[in-house]
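# A structural walkthrough
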Amino acid sequence: MAQFESRNITMMMDLYELTMAYGYFREGAEARKTRASFDVFFRRHPDGGGFSIFAGLEQIIEYIENMHFSATDIAYLRDLSLFDADFLDYLADYRFTGDIRAFREGTIMYPEEPILTVTAPIIDAQLVETAILAEINHQSLIATKTRRIVRAASGRGVSDFGARRAHNVDAAVYGARAAYIGGAGSTATVLAGQLFGIPVSGTMAHSWIMYHEDEYTAFRKYAETYPDNAVFLIDTYDVMHSGVPNAIRAAKEVLAPLGKRLKGVRIDSGDLAYLSKRVRTQLDAVGLTDCKIIASNSLDEYTISSILNAQGGKIDGFGVGERLITSKSEPVFGAVYKLAAIEKDGKTLPKIKVSETVEKITNPGRKKIYRIYDEAGHAIADLIALAEETVDMSRPYRYIDPKKPWKSRFFTNCTARELQHDVIKDGKCVAQRPSLGEIRSYVKEQLDKEIWQEEQRFENPHTHYLDMSPAYYEMKLALLNDMQQY
């Protein structure tokens, strides 16, 4: 896989991470050696959906492996006049030495569960917060949004057209990566194609048509240049009275004598459903039944669903831009990074954040997260257990529904799969790193075979359950009881 030229983004952190790190450093050697565990989780799905997709892990690994403070970084920090020379010397020799466990990239994920856990010396764990959240929040958002769009397209091709409306170059390139994970078949962004091996797609803009003396000449020139992949943009002047007739003429006069077929036409404005039906009729009438109709222009899952289902549009593929690459309907994913435990005097002490807002009370301690499957292989729930617990599904397993803890519940004839795995150990990557295509296929496999269709609908999706082992629930309840003094 091609990569960006090397650049140091170690300083991708909030200032408070450095000020807290300096505070721990000033407390002495014991504080510096104290290990802490931080969980990354999110509280709700974007767009009122029923699932989300974990993306961005590969870039987190790259960040951790390349993390170092350059001489230029140290000089800048010195100029802030916030840190003493000993701390700056410490940063000059700094390398991340902790551990990271995480879901496999592409895993379907749900609110309140730890999708990634950092366990490291407290300074290490604090410094990586912003970079980790930035990667997960952006790519998980775009992957999840793209999957909704792909689902609405019902098997028709979806291409990412969003680069020029992305929030910057990185958002375009890594957004294209995330979109491919989410199911987009190609991208118009050449750099993303080069870096990640994503298929690239694109033909012409309106300027190509306007440059030539007339529309037919523009189509003829393009067909002569790309006879095997001729797709014409037909809405520069008038779709029905100019665009389609000229496309048909070029197909007959230029492509047919070469033994080639017109691959497609694209509509980028107007009433897409209405125009696509009329275009389809005209193309079919002259034998171009295999010519695809591609639509673009401010599309998302709702407009696509309406065009295809409510309006009967005859569209074979979609180029989706701004509403995909920015997740326009809900542009914030909302993953957070919270302290779950610290090691002190040889003991692991669970930590909990308590809030008047119930949804902001965290799940404390080091933990395992399992996906529970029924006999048919459907994922029926996720389960949080203590890190030291063994979850045995060979017999009925009692669990706690934290929203209805008074009920007696059992998993029967089920299997459990642990979701987190070792990614970084002692600062070094120990995980297999699947290709982007493998990550994309993994998403599709889960949604096709494991995840309930009821969780995938746009309106009132089924809620995936997050349950707790009895021991874990009792530990959390005990911590909450201890907090009553506050």
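Residues numbered from 1 in each chain as written. Predicted model: local features only at pLDDT ≥ 70, side-chain atom pairs only at ≥ 80, totals over all residues. Heavy atoms only, no water.

How we decide: UniProt positions are given in the numbering used here, feature names are shortened, and annotations may be inferred rather than shown by experiment.
Within an unreviewed UniProt entry, the label attached to the protein reads Nicotinate phosphoribosyltransferase, and the organism entered is Selenomonas sputigena. Quoted verbatim from the Function (unreviewed entry) field of UniProt, the annotation for the protein is "Catalyzes the first step in the biosynthesis of NAD from nicotinic acid, the ATP-dependent synthesis of beta-nicotinate D-ribonucleotide from nicotinate and 5-phospho-D-ribose 1-phosphate." UniProt annotates the protein under Sequence similarities (unreviewed entry) with the comment "Belongs to the NAPRTase family."

### A closer look at the pattern of salt bridges
Spelled out, the test is: Counted as salt bridges are all cases of a side-chain nitrogen of Lys or Arg within 4 Å of a carboxyl oxygen of Asp or Glu. Secondary structure elements are defined from DSSP: runs of H or I of at least 4 residues count as helices, runs of E of at least 2 residues count as strands, and each element is numbered from the N terminus. Partly exposed residues are those whose accessible area sits between 20% and 50% of the maximum for their type, while under 20% is buried and over 50% is exposed, using a 1.4 Å probe and protein chains only.
Inspection of every chain in the model, using the stated rule, returns 26 salt bridges. The partner of Arg165 in a salt bridge is Glu322, with the nearest N and O atoms 2.2 Å apart. Pair noted here: Arg165 is in the loop between β6 (157-160) and α8 (169-182) and Glu322 is in helix α15 (residues 322-325), with a separation of 157 residues, a long-range link. Using a relative accessible area of 48% as the deciding quantity, one classes Arg165 as partly exposed. One salt bridge connects Asp316 with Arg280, and the closest N-O pair in it is separated by 3.6 Å. With Asp316 in the loop between α14 (301-310) and β11 (317-320) and Arg280 in helix α13 (residues 272-285), this residue pair connects regions lying 36 residues apart in the sequence. Note on Asp316: relative accessible area 28%, which makes it partly exposed. What makes Arg280 buried here is its relative accessible area of 12%.

### Overview of the sheet that holds strand β3 (residues 99-103)
The cut-off we apply is this: At least two bridges found by DSSP between two strands is the condition for calling them paired. Whether two residues touch is decided by their heavy atoms; if any such pair falls within 4.5 Å, the residues are in contact. All axes here are fitted lines through C-alpha atoms, helices being fitted over the stretch that makes contact, and every angle between N-to-C directions spans 0 to 180 degrees.
Judged by pairing direction, the sheet is antiparallel, and its seven strands sit side by side in the order β13-β12-β1-β5-β3-β19-β20 without closing on themselves. The open sheet terminates on both sides in strands that have one partner only, identified here as β13 (347-350) and β20 (428-429). Relative to strand β19 (residues 420-425), β3 runs antiparallel, the two being bridged by four bridges. Opposite Ile100, over in β19, you have Ile424 as the bridge partner. Sheet contacts for helix α3 (residues 57-65): β3, β5 (116-121), β19 and β20; angle to β19, the most-contacted strand, approximately 25 degrees.

### Some remarks on the pairing of strand β15 (residues 379-386)
The buried count for β15 comes to seven of eight residues, which makes it a mostly enclosed element. The sheet contact formed by strand β14 (residues 367-373) and β15 spans seven bridges and is antiparallel. When the bridges of β15 are listed, Tyr373 appears paired with Ala379. The hairpin formed by β14 and β15 contains five residues between the paired strands, and Gly377 there has a positive phi angle of roughly 90 degrees. Taken together, the four bridges between β15 and strand β21 (residues 465-468) define a ladder with parallel strand orientation. Paired with Ala381 across the bridge in β21 is Tyr465.

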